[in-house]
Amino acid sequence: MTKFVAIGALIEKNLGMSKFKEISEFKGVEYAFVETGRSNDLFQEKQFGQFGEASIMTIIVQNKFKDEVMQLLAKHLNVLDSQSGLIFEEKNIDALKLFS
């Protein structure tokens, strides 16, 4: 059984930046980071013609907490009731080594 799983989220930039610290402290989260970019498919607000600003979050979670973290993400990022983004389970990770 794998120990960790990568979870990804593509959401509006402001939402990702404002919720990042809170999400990184969820029980079971080992590592989280956020990047920003532009997307032309998910968001109604388009600041750049066809494109809207997006946050791309990658969260490494202990496998035993993945379902709980996915539910918390959906709730905190408001993706259940709106078209404000998507959350997906990406891949299993057998080992994790963080460098500081």
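The preceding data block contains the structure.
Below is a summary of the structure that appears in this document. (Residues numbered from 1 in each chain as written. Predicted model: local features only at pLDDT ≥ 70, side-chain atom pairs only at ≥ 80, totals over all residues. Heavy atoms only, no water.)

A few words now on the overall build of the protein. The number of helices and strands found in the protein is two helices and four strands. Counting from the amino terminus, the protein carries its helices and strands in the arrangement β-α-β-β-α-β. Among the 100 residues that make up the protein, the fraction classed as buried is 38%. Taking as baseline every contact in the protein between residues at least 6 positions apart, the subset at least 24 positions apart corresponds to 72%. For the protein, the exposed area adds up to about 6400 Å²; of that, 48% sits on carbon and sulfur atoms. (Helix = DSSP H or I, 4+ residues; strand = E, 2+ residues; numbered from the N terminus. Buried < 20%, exposed > 50% of the residue type's maximum accessible area, 1.4 Å probe, protein only. Contact = heavy atoms within 4.5 Å. Areas by Shrake-Rupley, 256 points an atom, 1.4 Å probe, with all protein chains shown as cover.)

In this section: the nonpolar core. For soluble globular proteins, the rule of thumb is that nonpolar side chains tend to be buried together. In this structure, I59, V61, V69, L73, L77 and I87 are the most contacted members of the largest nonpolar core, which totals 18 residues. Of all the secondary structure elements, the ones that give two or more residues to this core are β1 (4-12), β2 (29-39), β3 (52-62) and α2 (66-76). At four residues, the largest contribution of residues to this core is made by β1. Filtering out sequence-adjacent residues up to four positions away, I87 remains in contact with I7, G8, A9, M70, L73, A74, L77 and V79. (Core = buried A, V, L, I, M, F, W, Y, C linked by side-chain atoms within 4.5 Å.)

To continue, consider the pattern of salt bridges. One pass over the full model with this rule turns up three salt bridges. For E89, the salt bridge identified is with K66, shortest N-O distance 3.3 Å. Here K66 lies in helix α2 and E89 lies in strand β4 (residues 85-93), a separation of 23 residues in the sequence. Using a relative accessible area of 38% as the deciding quantity, one classes E89 as partly exposed. (Salt bridge = Lys/Arg side-chain N within 4 Å of Asp/Glu carboxyl O.)

Let us look at the packing of aromatic side chains. A full pass over the atoms with the stated rule returns one aromatic pair. Here Y31 and F33 contribute two aromatic rings whose centre-to-centre distance is 5.7 Å and whose plane-to-plane angle is 55 degrees, an arrangement assigned as tilted. Given the relative accessible area of 30%, F33 is considered partly exposed. (Phe/Tyr/Trp six-rings, centres within 6.5 Å; stacked < 30°, edge-to-face > 60°.)

Bringing the pairing of β3 into the picture now. Of all 11 residues that make up β3, eight are buried, and the element is covered over most of its length. Bridging between β1 and β3 involves nine bridges; their strand directions are antiparallel. Following the sheet pairing, G8 is matched in β3 by T58. (Pairing = 2+ DSSP bridges.)

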